[in-house]
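Below, each chain spelled out in residue letters.
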Amino acid sequence: MSYKDKDAIVMVGQKNSRGIRFTLLGISVFIALVMLGFLNKINQPRILSPQELMSYGAVLLDTPRKFSEFELTDHHGELFTSAQLKGKWSLLFFGFTHCPDICPTTMATAAKLYESLSFEDKGKLQVVMISLDPERDTTEKLFQYVPYFNKEFIGVTGNKHVLMSLGVQLNIPYSRVSLKEDDYTIDHSGNFVIINPYGDYHGFFRPPFNVDKMQVSLKSIMATLD
């Protein structure tokens, strides 16, 4: 065999070797892309149907509803307006600090739900307790009460007429009930109101609450506007 023939055989072998390497590289890249797609898919929240959401205690409005602008005061004494309900999801709970059972239990549930969320989802959500008892729930009182459950939570109080209007628009019925010796309590809805990042009334969670079901529902709801 001549040197020319040997050189030709070597060149063919080198070409075949490069072809095999390129083929293996292509297969490796393809497998990597498939795996990335699979991992991305399993990390995405499952979008629940309205029926599934309802079975988990979440009810969404057919069309999110706008409501009137308002001005209240947060537990730091700063102005809290409807503008602060825009840009992220909000869970609103209407209660009062003298509530003996429902309110602290519900706020504790909100704290467990919030802590169960990922860092990214926490950044998309704010939890706000709106007092239905502005006579007793001063900013100082809310400052002591609301951060006890989570330092990121916001307590809000203000004019009783503004609160009443907001409660009516968000379907939160409540009434003052007289007790003995000039004392009183407040009967009220235990719902969490869901406000979307556009500042619209999106739906609500109704009791009894299950943190695991609320987490799955909330992730599904938030994913619909991502």
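Provided above is the structure to which this section pertains.
S.K.: Got a minute to help me understand the overall build of the protein chain in this structure?
M.R.: Scanning the protein chain from terminus to terminus reveals seven helices and 10 strands. Within the span of the protein chain, comprising 226 residues, buried residues form 38% of the whole. Pairs at least 24 residues apart make up 71% of the contacts formed inside the protein chain by residues separated by at least 6 positions. For the protein chain, the exposed surface amounts to about 13,600 Å²; the carbon and sulfur share of it is 58%.

S.K.: Can you help me understand unusual backbone geometry in this one?
M.R.: With the exception of glycine, the majority of residues adopt a negative phi angle, and the majority of peptide bonds are in the trans configuration. Across the junction of P207 and P208, the peptide omega takes the value 0 degrees, indicating a cis bond. Within the secondary structure, P208 sits in the loop between β10 (201-205) and α7 (211-223). One non-glycine residue, N171, adopts positive backbone phi at about 60 degrees. Note on placement: N171 falls in the loop between α6 (160-169) and β7 (174-178). A positive phi angle, near 65 degrees, is found at D182, a position not held by glycine. Its place among the elements puts D182 in the loop between β7 and β8 (184-188). Under the relative-accessibility criterion, D182 is labelled exposed at 80%.

S.K.: What is the right way to look at the nonpolar core in this model?
M.R.: In a soluble, globular protein the nonpolar side chains are often hidden away together inside. Counting 54 residues, the largest nonpolar core has L92, F94, F153, L170 and F205 as its most contacted members. If you tally residues by element for this core, the top one is helix α3 (residues 102-116), at six residues. When residues no more than four places from it in sequence are discounted, the contact partners of F94 are I130, L132, L166, G167, L170, I172, H188, S189 and V193.

S.K.: Whenever I open this one, the environment of S90 confuses me. Can you help?
M.R.: As for its placement among the helices and strands, S90 is situated in strand β4 (residues 89-95). Along the primary structure S90 and K124 are separated by 34 residues, whereas in three dimensions their C-alpha atoms are 8.4 Å apart. With sequence-adjacent residues up to four places away left out, S90 is seen in contact with L85, L125, Q126, V193, I194 and I195. Reaching out from S90, the side chain makes a polar contact with the side chain of Q126 at a distance of 2.9 Å.

S.K.: What's the story with the packing of aromatic side chains in this structure? I'm lost.
M.R.: To describe a pair of aromatic rings, one takes the distance between the centres and the angle between the planes. Within the structure shown, the criterion is met by six aromatic pairs. On the numbers, 6.4 Å between centres and 25 degrees between planes, the contact of F70 with F80 is stacked. Taken together, the positions of F70 in the loop between β1 (58-65) and β2 (71-74) and F80 in strand β3 (residues 79-81) put the pair 10 residues apart, joining distant regions of the chain. Note on F70: relative accessible area 7%, which makes it buried. Exposure remark for F80: the relative accessible area of 2% places this residue in the buried category. Plain terms: the ring middles of Y114 and F153 are 5.7 Å apart, the flat faces sit at 85 degrees to each other, and that makes the pair edge-to-face. Linking Y114 in helix α3 with F153 in the loop between α5 (139-149) and β6 (154-157), this pair joins segments that are 39 residues apart in sequence.

S.K.: It is not clear to me how the packing of α3 against α5 should be interpreted in this structure. Could you clarify?
M.R.: Packed helices, taken two at a time, are described by their axes: the angle between them and the distance between them. Relative to each other, α3 and α5 sit at 45 degrees, their axes nearing to 8 Å. Relative to α5, the element α3 is oriented oblique. Judged by residue contacts, C103, P104, M107, A108 and A111 of α3 engage Y145, V146 and F149 from α5. Considered class by class, the residues forming the contact of α3 with α5 number eight nonpolar, no polar and no charged.

S.K.: Explanation requested: the side chain of Q126 in the structure shown.
M.R.: With respect to the helices, strands and loops of the structure, Q126 is situated in strand β5 (residues 125-131). Among the polar contacts made by the side chain of Q126, one reaches the main-chain carbonyl oxygen of Q84 at a distance of 2.6 Å.

S.K.: Explain the environment of K122 here, please?
M.R.: Within the secondary structure, K122 sits in helix α4 (residues 119-122). Between the C-alpha atom of K122 and that of K88, which follows or precedes it by 34 residues, the distance is 9.9 Å. With near-sequence residues (within four places) excluded, K122 lies in contact with Y114, E115 and L117.

What counts, and where the lines are drawn
- Residues numbered from 1 in each chain as written.
- Predicted model: local features only at pLDDT ≥ 70, side-chain atom pairs only at ≥ 80, totals over all residues.
- Heavy atoms only, no water.
- Helix = DSSP H or I, 4+ residues; strand = E, 2+ residues; numbered from the N terminus.
- Buried < 20%, exposed > 50% of the residue type's maximum accessible area, 1.4 Å probe, protein only.
- Contact = heavy atoms within 4.5 Å.
- Areas by Shrake-Rupley, 256 points an atom, 1.4 Å probe, with all protein chains shown as cover.
- Core = buried A, V, L, I, M, F, W, Y, C linked by side-chain atoms within 4.5 Å.
- Polar contact = N/O pair within 3.5 Å; in protein donor to acceptor, adjacent residues only side chain to side chain.
- Phe/Tyr/Trp six-rings, centres within 6.5 Å; stacked < 30°, edge-to-face > 60°.
- Axes fitted to C-alpha atoms, helices over the stretch in contact; angles between N-to-C directions.
- Parallel < 35°, antiparallel > 145°, perpendicular 65-115°, else oblique.
- Nonpolar A, V, L, I, M, F, W, Y, C, P; charged D, E, K, R; others polar.

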